[in-house]
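Residue-level structure breakdown
What follows is the residue order along each chain.
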Amino acid sequence: MRKKGILITGAAGEIGDSLIRALTSQGEDQIVTLDLKPLPKENEGLSTHIQGDLMDQALLARLVSEYEIGTIYHLAALLSTRAEFTPEMAHQVNVEGTLNLLRLASDQSQWRGEPVLFMFPSSIAAYGMPNLEIKAQYPRVREWEWNYPTTMYGCNKLYCEMLGVYYSQYYRQLAVDRPVTLDFRALRFPGLISAFTVPSGGTSDYGPEMLHAAAKGVPYEAFVRPDTCIPFMAMPDAVTALLKLAKAPASALSRRVYNVTSFSLTAAEFKDMVLRYFPNAQISFRPDLKRQRIVDSWPAGLNDNDARRDWGWKPDYDLERAFAEYLVPNIRKRYQ
Ligand code: AKB
């Protein structure tokens, strides 16, 4: 008999770190995690961890021979800045890795006779605003607007959303008895800010980097202009969104890909917030034109009305509460 399990890929990353703890605190004790890296010390023992590569077909085959996977949180990805240095490699990890898992989830769905739930974090990088004037004209984009990504990572996310819909709704559509396939659900996240981990390889990283540097008492040079505006979200809300969408009845969902957001602010406003709590922080701006171009192509805000209506999405943390109750107290503790 196979053991039942929830699979989390990219589990050693930022979202994985919080998701494992949230699932465990809900009593979930059959978590299988997969990552190239070991899990951080605090999360050791909370899951059965497999250190390995998503591209390793033999490893995936072994995984399904041992586990009956009912839910997958597919978090593994190469983020936007890192992906621009090795675009083809990013494509391999972000697209082929996802395809491997979609196929695995489809096969598992057939075995079980019911759909495997496939949760996929997408991103504001799936959007591409052509210039700053249009970005200002469309401050809260809808899911179907401006789907013209300018990064490999954004292209990968948008395409994988489409693959997810394909595997859920159309895979083997010409077969006489179309097999049971998976239940794909995706969230387009803004820049995420965690109190416990520092991001790496992303382009929204200037926000969290500013804050963590201030708490550590080291100077920070932001790689964007002060007027740069994108949406952000505190990590606990990202995890809540994933868990809430995972639990929503399929009949309530009018789409498979949902925007979710919390607050939008400029880099200058971000600096002001940081200075409120760390008045001695030394934060300056030295835009890196290439990374700036990426952030400028991302929308200033997301319209998440559909998520609010369909499955009751509402962030717990607005800007004030995120800093006052989650980020600052936890970051202070971390660097004390
Ligand atoms: C990145 O900056 O690449 C990510 C994202 C916005 O998806 N944080």
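Residues numbered from 1 in each chain as written. Predicted model: local features only at pLDDT ≥ 70, side-chain atom pairs only at ≥ 80, totals over all residues. Heavy atoms only, no water.

The next thing to look at is the environment of leucine 158. The topology assignment puts leucine 158 in helix 6 (residues 152–169). Sequence separation of leucine 158 and alanine 125 is 33 residues, and the distance between their C-alpha atoms is 8.4 Å. Discounting residues that sit within four places of it in the chain, leucine 158 has contacts with Ala126, Asn147, Pro149 and Arg188. (Helix = DSSP H or I, 4+ residues; strand = E, 2+ residues; numbered from the N terminus. Contact = heavy atoms within 4.5 Å.)

Moving on, we get to the site of the ligand. Around the ligand, the structure places Leu79, Ser80, Ser123, Ile124, Tyr153, Gly202, Thr203, Ser204 and Trp298. Side-chain polar atom of serine 80 to an oxygen atom of the ligand: 2.5 Å apart, as the coordinates give it. Measuring from an oxygen atom of the ligand, one finds a side-chain N or O atom of serine 123 at 2.7 Å. For the ligand, the protein covers 91% of the area, taking 250 Å² as the surface of the free molecule. (Near = heavy atom within 4 Å. Polar contact = N/O pair within 3.5 Å; in protein donor to acceptor, adjacent residues only side chain to side chain. Areas by Shrake-Rupley, 256 points an atom, 1.4 Å probe, with all protein chains shown as cover.)

The next thing to look at is helix 6. In an α-helix, one turn spans 3.6 residues; hence positions three or four apart end up facing the same way. Over its 18 residues, helix 6 runs 26 Å from end to end, which matches the ideal 26 Å to within 8%, given 1.5 Å per residue. Looking at the buried positions of helix 6, the neighbouring elements they touch are helix 3 (80–85), helix 4 (87–112), strand 5 (117–123), strand 6 (183–189) and strand 10 (257–259). (Expected span 1.5 Å × (residues − 1).)

Time to look at the sheet that holds strand 7 (residues 191–193). Pairing within the open sheet is mixed, and its three strands lie in the order 7-9-11. Both outer strands of the open sheet, strand 7 and strand 11 (263–266), are each paired with one neighbouring strand and no more. For this sheet, the mean angle separating the axes of adjacent strands, direction not counted, is 45°. Of the pairings in the sheet, the one linking strand 9 (residues 229–234) to strand 11 comprises four bridges and is antiparallel in character. The residue of strand 11 that forms the bridge with cysteine 229 is threonine 266. Those strands touched by helix 7 (residues 206–216) are strand 7 and strand 9, and its axis lies near 60° from that of strand 9. In the packing of helix 12 (residues 319–335) onto the sheet, the strands contacted are strand 7, strand 9 and strand 11, and the crossing angle to strand 11 comes to about 95°. (Pairing = 2+ DSSP bridges. Axes fitted to C-alpha atoms, helices over the stretch in contact; angles between N-to-C directions.)

As a further point, take the domain arrangement of the protein. Split into domains, the protein comes out as domain 1 (3–191 + 234–259) and domain 2 (193–233 + 263–297 + 317–335). Each of domain 1 and domain 2 has a C-alpha centre, and the two are 26 Å apart. On the domain 2 side, the residues contacting the 24 residues of domain 1 number 26 residues. Carbon and sulfur atoms supply 56% of the area buried between domain 1 and domain 2, which totals about 2,100 Å² over both sides. The three residues of domain 1 that bury the most area against domain 2 are Glu14, Gly191 and Ala234, which together make up 26% of that side's buried surface. Summed over the shared surface of domain 1 and domain 2, the number is zero salt bridges. Seen at the junction of domain 1 and domain 2, the total is 15 residue pairs in polar contact (both at pLDDT 80 or more). Each residue belonging to the side of domain 1 that touches domain 2 can be placed in one class, and the counts come to 11 nonpolar, six polar and seven charged. (Domains from an automatic or database assignment. Buried area = accessible area lost by both parts, 1.4 Å probe. Salt bridge = Lys/Arg side-chain N within 4 Å of Asp/Glu carboxyl O. Nonpolar A, V, L, I, M, F, W, Y, C, P; charged D, E, K, R; others polar.)

Scanning the model with the defined rule gives zero disulfides in all. Lacking any disulfide linkage, cysteine 160 is separated from the closest cysteine sulfur, that of cysteine 155, by 11 Å. (Disulfide = S-S within 2.5 Å.)

All right, on to the nonpolar core then. Counting residues in each nonpolar core, the largest one holds 82 residues, and the members touching the most others are Ile8, Tyr73, Phe189, Tyr206, Val274 and Trp311. Each of domain 1 (3–191 + 234–259) and domain 2 (193–233 + 263–297 + 317–335) accounts for three or more of the residues forming this core. Those residues in contact with tyrosine 206 that lie beyond four places of it in its chain are Tyr220, Phe223, Val224, Thr228, Ile230, Phe232, Ala267 and Val295. Core analysis: the second largest hydrophobic core is formed by 28 residues, Val32, Ala76, Leu104 and Phe118 among them. (Core = buried A, V, L, I, M, F, W, Y, C linked by side-chain atoms within 4.5 Å. Buried < 20%, exposed > 50% of the residue type's maximum accessible area, 1.4 Å probe, protein only.)

Further remarks concern the side chain of arginine 142. Positionally, arginine 142 belongs in the loop between helix 5 (132–137) and helix 6. Exposure remark for arginine 142: the relative accessible area of 18% places this residue in the buried category. At 2.9 Å, the side chain of arginine 142 forms a polar contact with the side chain of aspartate 306.

As a further point, take the sheet that holds strand 3 (residues 48–51). In space, the seven strands of this open sheet follow the order 3-2-1-4-5-6-10, with parallel pairing throughout. Only two strands of the sheet have a single neighbouring strand rather than two, namely strand 3 and strand 10. With strand direction ignored, the average angle separating the axes of adjacent strands in the sheet is 25°. The pairing of strand 6 with strand 10 spans three bridges and is parallel. Within strand 10, the residue paired with arginine 188 across the bridge is asparagine 259. Across the sheet, helix 2 (residues 57–66) touches strand 1 (3–9), strand 2 (31–35), strand 3 and strand 4 (67–74), and the angle it forms with strand 4 is around 125°.

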